[in-house]
Amino acid sequence: MNRRKVTVAVAAAGVVAGVAGLGVLAMPAGAGPAPALPQVDAQSLVESVLTAKPAAFGGTVDVNNSLGIPTIAGIPQLSDGASQIRMWTDGEGRARVSMPSGSSERTIVDDGETLWTWNSETQTVTKAPHGDAEPDAKPELGLGLGQDGKPLDPLSLARDVVGEVEKTSTVTVDGTARVANRSAYELVLTPKPTERTVLREVRIAVDSELRIPLRVAVLTNGTDEAAVQVGFSEITVGAQDAGLFRFTPSASAKVEEKKAEEPSEQDKAEAEKVFGQVAPQVVGDGWDSVIVAKLPADQLTGLQAPADEPGRSDRPRRGGADQTDPQALLKQLGKQVSGSWGNGTLISSKIGNVLLADDGRIALGAVPEQVLTEAIGQLK
Amino acid sequence: MTTSTSARVEPASAGSTPVLAARTRGLRKTYGNTVAVDRVDLDLPEGAVMGMLGPNGSGKTTTIRMLLGLVRPTEGEVELLGRPLPDGAAESLPHVGALVEGPGFHPFLSGRENLRRAAAFEPLLATGSVKQAVEDALERVGLAQAAHRRYRGYSLGMKQRLGLAAALLVPRKLIVLDEPTNGLDPAGTREVRKVVHDLHTAGSTVLVSSHLLSEIEAICTHVAVLHRGTVVAQGELAELLQADSSALQVTTSDVDSALNALRAARISARPAEDGVRVELIGTTAPAVFRTLVQADVEIQEATRTRTGLEDLFARLTEAGESDHLSTVDTIEQGAR
Amino acid sequence: MTTAVATRAPLARQLRSELRWILRRPRTVIGLGLLCVVPVLAGVGLWFAVDNAGGPAGPGLAAIIAGNGLVLPIFTLFLSLPLLLPLVGAIWAADGLAGEANSGTLRGLMVAPVGRIRLLGVKAFGIATMSLFAVTLMAFVGTITGIALFGMDGMLTISGTTLSVGAAVGRIVLTILLVTFQMWAVAAVALAISACTEHPLVVMAATMAGLIVFAVLGAFSSLDWLQPYLITSAWDGLADVMRDPLPTEGLWNSTALAACYLVIGLSLAAIRLVTKDG
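Reading the values: the criteria
- Residue indices begin from 1 for each chain and proceed along its sequence in written order.
- Lettering of chains starts at A and numbering of ligands starts at 1, both following the order in which they are written.
- Predicted model: local features are reported for residues with pLDDT of at least 70 only, side-chain atom pairs are reported and counted for 80 or more only, and whole-chain, interface and lining totals are derived from all residues.
- Side-chain numbers here rest on the full set of heavy atoms in the structure, without hydrogens or water.
- Helix and strand definitions here come from DSSP, where helices need a minimum of 4 consecutive H or I residues and strands a minimum of 2 consecutive E residues; each element is numbered from the N-terminal end.
- Burial here depends on accessible area, computed with a 1.4 Å probe over protein chains only, as a share of the maximum for the residue type. Under 20% is buried, over 50% is exposed, and the range in between is partly exposed.
- Contacts between residues were defined by any pair of non-hydrogen atoms, one from each residue, lying within 4.5 Å.
- Using a 1.4 Å probe, the Shrake-Rupley method yields the accessible areas, and only the shown protein chains count as cover for residues.
- The quantity called pLDDT is the predictor's confidence in a given residue, expressed from 0 to 100.
- Put simply, a salt bridge is a Lys or Arg side-chain nitrogen that is within 4 Å of an Asp or Glu carboxyl oxygen.
- Think of a polar contact as two N or O atoms within 3.5 Å of one another; within protein, one of them needs to be a possible hydrogen donor and the other a possible acceptor, and neighboring residues in sequence only count if both atoms come from side chains.
- Buried Ala, Val, Leu, Ile, Met, Phe, Trp, Tyr and Cys residues that are joined via side-chain atoms within 4.5 Å together make up what is termed a nonpolar core.
- Within 6.5 Å between ring centres, the rings of Phe, Tyr and Trp (the latter by its six-membered ring) count as paired, and their orientation is classed by plane angle as stacked under 30 degrees, edge-to-face over 60, tilted in between.
- In this scheme, Lys NZ or Arg CZ marks a charge over a ring once it lies within 6 Å of the ring centre and within 35 degrees of the ring normal.
- What makes a patch is a set of residues exposed beyond 30% relative accessible area and free of salt bridges, joined within 9 Å when like-charged and within 5 Å when nonpolar (Val, Leu, Ile, Met, Phe, Trp, Tyr).
- Only C-alpha atoms enter the line fits that serve as axes; for helices the fit covers just the stretch in contact. Angles between N-to-C directions range over 0 to 180 degrees.
- Orientation labels follow simple angle bins: below 35 degrees gives roughly parallel, above 145 gives roughly antiparallel, 65 to 115 gives roughly perpendicular, and whatever is left gives oblique.
- Handedness of each helix crossing follows the sense of rotation of the near helix against the far helix: counterclockwise by less than a right angle gives left-handed, clockwise gives right-handed.
- Throughout this entry, Asp, Glu, Lys and Arg are counted as charged residues, while Ala, Val, Leu, Ile, Met, Phe, Trp, Tyr, Cys and Pro are counted as nonpolar. The remaining residues, Gly among them, count as polar.
- What counts as a domain boundary in this text is fixed by an automatic or database domain assignment.
- The rule for pairing is simple: two strands pair if DSSP sees at least two bridges between them.

Undergrad: Explain the overall build of chain A to me, using residue names and the numbers behind them.
TA: Along chain A, the regular secondary structure elements total nine helices and 18 strands. Residues classed as buried in chain A amount to 43% of the 380 residues present. Of the contacts formed within chain A by residues at least 6 apart in sequence, a portion of 50% connects residues at least 24 apart. Of the roughly 19,400 Å² that chain A leaves accessible, carbon and sulfur atoms contribute 54%.

Shown next as C-alpha cells:
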C-alpha cells in the first residue's frame, strides 16, 4: 500500500516536473538583475562608443522584428518575427555572418580580401573581391535597416544612430542592463519634442567594458513593445577560430565570380545613372528627415532588382515569381492615398512610412503620413 | 533474503488454526456503483483442492483476481501464502501459478516460444533451466508434439492446456485455475483432473473455479460457493454435503396424518414419493420419529437423504432472497 | 526451509526476452523493412531531381544533396521524423501494454510477478532500444544509398563549409541520437496512452492524431505562444546539425523539450500502471 502510494507520488512529481520544465523552456530567458556599474554621463558614454576599437568576438544575435512589413522570402531576419544571426569577427576586418532560416542558410564570409556569399538553397557561392561598391553603400544606411539583405550588425547600426540623432535628441543613460550575460549601460535616445516622428525612443545597451552596442531596440509611440530589437543573446569576446574567416567553396557548389573590372564598371555606371536620375534628397533633419526621390516609371522594376540575389538569370524556375509586376504588388501592400501632391500608394510600418506617387516620386522616413506628403510636395 | 514463504507460514501452523494458503477478510470490490464482490471471507487451507462454485457473475473471477493481486480490493485484505497483498506479492506470487480468464498468449509465437517468454519472467526459474522447464511443462500437458506450431493455430483445448502448462512451469505452492476445463473434450477434462490430482498428491494447494459441479465434486476436497458477490458457503466438501443432507425420507402410506403431525410439531415437511420428506432444520431425527410414533403414523422405512453438490448448489443459489439468507446462516453454522 | 527466494527474475533475461518478443513480431519486421526502403526511395527521387533540374534538387537539405551523399541519412531521418518514426514508436508502445493486455498476457506478467514499475521499465527499454535500432538502421541504409548515388567528398554543410568524413560521421551519429530521443519522447507519451487501454489501435490513432493536432496548432500564427510547448515545432530546428559551426543551443533546447515529454509520458504511464486493475 505504502510502496504504491510512494510510487504514485513520485510519478506525480515527475509529471509536475515535466510540465514545469516545459514552462521553463517556453519562458524567454530572464534578463537577470541589473548590474551595479560606475556612473557615467551620456556624453562620455556616446563618445566611448564612437571611439571604441573593434573587438574580436563571436556570438548570436537575436532579431525580434514586429515592423509589420511584408515577409521577404528566404531572409527571416528582415521579416516579422524572431530570428537569429550568428556572427564572428576578428576585429580586423574579417568576419563571418550566418543567417539561418528553416533548414537552409546564407553565409557571408569576409576574409579580408574577398567577400564570399553562400546560399544553401541554390547551392551557390558568390565570390566578390573587395571593390568599392560595398563600402559605398554603408554610410547611406542612416537610421534604416540593411537595404541589401545584409544583417543588422548592432555595432554599426548603433554607432550610426548615435551620430545621427545627437543634435535632435535627448541622450540619457537610463540605468544598467544585463545583455548576453554581460553588463551594459542603457543609453536612451529620445526625439526632442519638436521632432515629428513615429518613433518614441531608441534604447541601446552598451557593453560596459568593450563599449560596443550589445542591443538596440527601437520603440514607437503607443506601444511598450519594441518595433525592432536586435541584440546579442550570446557573445564570446576574444580571439575567434581563424578557420571561421576562411571560405573554401565545396566542389559541388556553383561558384560565381564577380570580376573586379568589367561587370563592376558596368554596375557602377548603371548605379550612377540610376542615382543621377533618381536624385535622392533629404528633406528635414533629425528624426523627421524624409528621403525623397523621383524614379522614372520604368525604373520601378529596376528598384526591385538590386535587392534580389545575383545570378537570377540562370534560375528560370524562380524567375516566374520574380517577374510579377512590382507596381501591382506595391498596390496590394499599401493603401491608395491622394492629395494636392498627386496620387500614390502609402506603405506603413511601425517605424515609418513609404509613399510612392504614381508618377514615380517616392518619399520615406520615420514620420507620419502628413510629413511625407509635405516632403513629396517639395519634389517636382 | 533467506526467509522462504513456507518459513513464514510455519509459525501459524503452531497454533490451533489450520495453515491457510490464502485468506481473505471483508473483501469488497466495486466498479462505480456496481458491487462485484462484497464481504468475502475465504479460507483456503494449505494442501486443499478447493472448488469455487458460482453462477456466472457471482464474483468468482473478481475474487481470484484480487487473490492474485491483479485487482486492488476496494475494502478488505488478502493474505497469500502468509503474506499480505500487495506488499508481499514479490515473495508470495512466484510460488503461485495461475490460469485466469482463459489462456493469454501471443498468436504469432509458437507454443514453445510463448512458454519461454512466460518462463523468462518467472523468478523461481534459474536462467539455465528455462528451456528444460518449458519442455517439462509441455510434456506434462501433452503439447510436446504441437509445441512448434503457432499459438494462432491451436484449438481451444490446446490453448487451455498451454495455459495450464504456463501455470506449471515451476513447482508451485498454490495453483489457481479459473475454468480450467473450458473447451476441453472429455479426454482433456480427464487429463486436467489427473493434473490436479497429481498436484494435490504432491502437496500443492489448488483453487479451481468452475461452473461444472460434477467436475468440482470429482476433484475437490473443499468447496466455496459464491452467489451475488459473496460467499454463501464454504468448507470441506464432505462436511458441507453431510450438513446439507439433513432431510429424512419417511416411507409411509399415511401421508396426510404424518404431515399434520409434523406440522403441528412445527417440523418442516412436504409430501414426497411414497411418503413425506422431512427437513431436519431445528430438529433431529429422533424427534421426528417420536412425533410420528405419537401420532400413530406407520413408518415403513426412514432414510437420511444424501444430497449431491448439485442440490446444495441449487438451494444456495436459486433460493429466494429471504429464504436464501436463513439458509446461508444454517449452512455456514453447519459447515463450521 | 531457508533457501534464498528470488523475488525477481534476472533483469537481463527479462530485457532479452522483451527484445526477442518485439523482433519476432511480423509487424516489427515489416516496419523495419519499410524504414529501410525510405532512404532508398528518397535517394532515388533526389537523384532524378538532381539529374533533371541541373540545379538544387529541392528545398532545405535536398538543395545540397548533389555530390554530397552523406547528407542523405540526415535528410531521410528528418523526412521520417514527423510521421513515420513516431508511427513505428507508437506501434511498439501500443503493443507493449495495450497489446499485451488485449492478448491476456499482461496479467500473466503481473502474476509472474513482474513488479509494475519493473514492467514499465522493461517495456520502455524495449521500445527505446528498438527505436534506436530503427533510426540507426535507417541512417545506415541512407548512408550506403547516399554514397552509392551521390558519392561523397566529406560533407557539405548548409553553412557552405565542408566537413571531413570523420566529422561527417559524427554529425550523422548526432542526428541519430537526436532523432531517437525525439522518438522516445513520442513513444513515452504513447506508452502512457497504452497503459490506459486494451486496444492497440486506439494508442496508435491517439498518438498520430496528437502529432497531427500539434502540427496544425503549430501552423497558426495566432497560436505562436503555444509553439514553445509543442514537441513537433522543435523538429524543424534539428536541421541545425547541418550547420557549421554547430549551434548547440537550439539542439539542447529541443532535446530538453523532448525530455520533458519523456518524463511526463513515463510518469503518467507509471501512475496508470500502478493503480490499474490487471
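Undergrad: Tell me what's going on with the confidence of the model for chain B, and back it up with residues and numbers.
TA: Residue and element names in this part refer to chain B. In this model, chain B carries a mean pLDDT of 81, and residues with pLDDT of at least 70 account for 87%. Predicted confidence is poor over residues 1-16, with pLDDT under 50, and the contacts of this stretch with residues over four places away or in other chains come to 28 contacts. Within the model, the stretch residues 320-336 combines pLDDT values under 50 with 20 contacts to residues more than four positions away or in other chains. Prediction confidence for the complex, expressed as pTM and ipTM, is 0.81 and 0.87 respectively.

Undergrad: Which residues make up the interface of chain C and chain B, and what values go with them?
TA: The partner chain B presents 43 residues to the 37 residues of chain C that form the contact. The interface formed by chain C and chain B contains four salt bridges. At the junction of chain C and chain B, the tally comes to 17 residue pairs in polar contact (both at pLDDT 80 or more). It is helix α1 (residues 11-24) of chain C that contributes the most residues to the side of chain C that touches chain B, seven residues altogether.

Undergrad: I'd like to hear about the nonpolar core, residue by residue, with values.
TA: Nonpolar side chains tend to gather and get buried jointly when the protein is soluble and globular. Grouped together as the largest cluster of nonpolar side chains are 130 residues, with contacts concentrated most on B:Leu68, C:Trp92, C:Met155 and C:Met242. Of the residues forming this core, the biggest block, 14 residues, is contributed by helix α7 (residues 165-194) of chain C. Leaving out residues up to four positions away in the same chain, C:Met155 has contacts with C:Asn68, C:Leu70, C:Val71, C:Ile74, C:Thr161, C:Thr162, C:Leu163, C:Ala168, C:Arg171, C:Ile172 and C:Met242.

Undergrad: An account of the packing of aromatic side chains is requested, with residue identities and associated values reported.
TA: Under the defined criterion, the tally for this structure stands at seven aromatic pairs over all chains. Ring centres 5.9 Å apart and planes at 55° place the aromatic pair C:Phe181 and C:Trp184 in the tilted group. Taken together, the residues span about one helical turn, with C:Phe181 and C:Trp184 both in helix α7 at a distance of three residues. You can call C:Trp184 partly exposed: its relative accessible area is 27%. An aromatic cluster is defined as three or more aromatic residues linked by ring pairs; in this entry it consists of B:Phe105, B:Tyr151 and B:Tyr154. Positioned over the ring face of C:Trp21 is B:Arg117, at 4.4 Å from the centre of the ring.

Undergrad: Explain a nonpolar patch on the surface residue by residue, including any values.
TA: Residue and element names in this part refer to chain C. Together, Leu-132, Ile-147, Met-152, Val-165, Val-169, Val-173 and Leu-177 give the surface a local cluster of nonpolar side chains, amounting to about 530 Å² of exposed area. Going through the elements one at a time, α6 (116-150) and α7 are the ones with two or more residues in the nonpolar patch. The biggest single contributor to the nonpolar patch is α7, with four residues. You can see Val-169 is positioned in helix α7.

Undergrad: Let's hear about the packing of α6(C) against helix α9 (residues 249-275) of chain C: which residues, and what values?
TA: Residues and elements named next belong to chain C. It is at 9 Å that the axes of α6 and α9 come closest, and there the two elements cross at 140°. In terms of orientation, α6 lies oblique with respect to α9. As α6 runs across α9, the sense of the crossing is right-handed. Taken together, the residues of α9 that come into contact with α6 (itself represented by Arg-116, Ile-117, Leu-119, Leu-120 and Ala-124) are Leu-266, Ala-269, Ala-270, Leu-273 and Val-274. Taken together, the residues of the contact of α6 with α9 break down into nine nonpolar, no polar and one charged.

Undergrad: Please give an account of the pattern of salt bridges that cites residues and values.
TA: Applying the stated criterion to the full structure yields 33 salt bridges over all chains. One salt bridge connects B:Glu101 with B:Arg65, and the closest N-O pair in it is separated by 2.7 Å. Pair noted here: B:Glu101 is in the loop between β7 (96-99) and α4 (111-120) and B:Arg65 is in helix α2 (residues 60-67), with a separation of 36 residues, a long-range link. Judged by relative accessible area, B:Glu101 falls into the partly exposed class, the value being 39%. With a relative accessible area of 15%, B:Arg65 lands in the buried category. Connected through salt bridges with shared partners, the residues A:Asp174, A:Glu186, A:Glu201, A:Arg203 and A:Arg215 form a single ionic network.

Undergrad: Give a description of the domain arrangement of chain B that names residues and reports values.
TA: On domain assignment, one finds that chain B holds domain 1 (20-241) and domain 2 (245-306). Taking only C-alpha atoms, the centre of domain 1 of chain B and the centre of domain 2 of chain B are 44 Å apart.

Undergrad: Explain helix α3 (residues 71-80) of chain C to me, and be specific about the residues and the numbers.
TA: The periodicity of an α-helix, 3.6 residues per turn, causes residues three or four places apart in sequence to face the same way. With nine of 10 residues buried, α3(C) lies mostly within the body of the structure. Listing the buried residues of α3(C) in full gives C:Val71, C:Leu72, C:Pro73, C:Ile74, C:Phe75, C:Thr76, C:Leu77, C:Phe78 and C:Ser80.

Undergrad: An account of the environment of C:Tyr229 is needed here, citing residue identities and associated values.
TA: Within the secondary structure, C:Tyr229 sits in the loop between α8 (200-219) and α9. Taking relative accessible area as the criterion, C:Tyr229 reaches 31% and is therefore assigned partly exposed. As for C:Tyr229 and C:Thr162, which are separated by 67 residues in sequence, their C-alpha atoms are 34 Å apart. Those residues within four positions of C:Tyr229 in sequence are excluded, and the remaining contacts are A:Leu22, A:Gly23, A:Ala26, C:Leu257 and C:Tyr261.

Undergrad: Tell me what's going on with unusual backbone geometry, and back it up with residues and numbers.
TA: The omega torsion across C:Ala112 and C:Pro113 is 0°, close enough to zero to call that bond cis. When you line up the elements, C:Pro113 lands in the loop between α5 (105-111) and α6. Put simply, C:Asp244 and C:Pro245 share a cis peptide bond, and its omega is 0°. Among the secondary structure elements, C:Pro245 is positioned in the loop between α8 and α9. Of note in the backbone geometry, A:Gln123 takes a positive phi value of approximately 55° without being a glycine. By secondary structure assignment, the location of A:Gln123 is in the loop between β5 (114-119) and β6 (124-129). The class for A:Gln123 is buried, based on a relative accessible area of 5%. We note that B:Glu179 has phi near 50°; this positive angle belongs to a residue other than glycine. With respect to the element layout, B:Glu179 can be found in the loop between β8 (174-178) and α7 (186-201).

Undergrad: Give me the lowdown on the packing of helix α4 (residues 84-103) of chain C against α8(C), citing residues and values where you can.
TA: Residues and elements named next belong to chain C. Across the interface, α4 lies against α8 with an axial gap of 7 Å and an inter-helix angle of 150°. If you check the angle between α4 and α8, you find them roughly antiparallel. At the point where α4 passes α8, the crossing takes the right-handed sense. Residues Pro-86, Leu-87, Ala-90, Ile-91, Ala-94, Asp-95, Ala-98, Gly-99 and Asn-102 of α4 form the contact with α8, whose own contacting residues are Pro-200, Val-203, Met-204, Thr-207, Met-208 and Leu-211. Class assignment for the residues of the contact of α4 with α8 results in 11 nonpolar, three polar and one charged.

Undergrad: Hey, could you go over the sheet that holds strand β16 (residues 342-349) of chain A for me, with residue numbers and the actual values?
TA: Residues and elements named next belong to chain A. Read from one edge of the open sheet, six strands run β13-β14-β18-β17-β16-β15, paired in antiparallel fashion. Each having just a single partner strand, β13 (281-283) and β15 (335-339) make up the two edges of the open sheet. With strand direction ignored, the average angle separating the axes of adjacent strands in the sheet is 25°. Alignment of β15 against β16, held across five bridges, turns out to be antiparallel.

Undergrad: Quick one: what's the story with the side chain of C:Lys123, residue by residue and with numbers?
TA: Assignment of secondary structure puts C:Lys123 in helix α6. The exposure class of C:Lys123 is buried, given its relative accessible area of 1%. Side-chain polar atoms of C:Lys123 contact the side chain of C:Glu100, separated by 2.6 Å. In contact with C:Lys123, other than residues within four places in its own chain, are B:Arg117, C:Glu18, C:Trp21, C:Gly96, C:Leu97 and C:Glu100.

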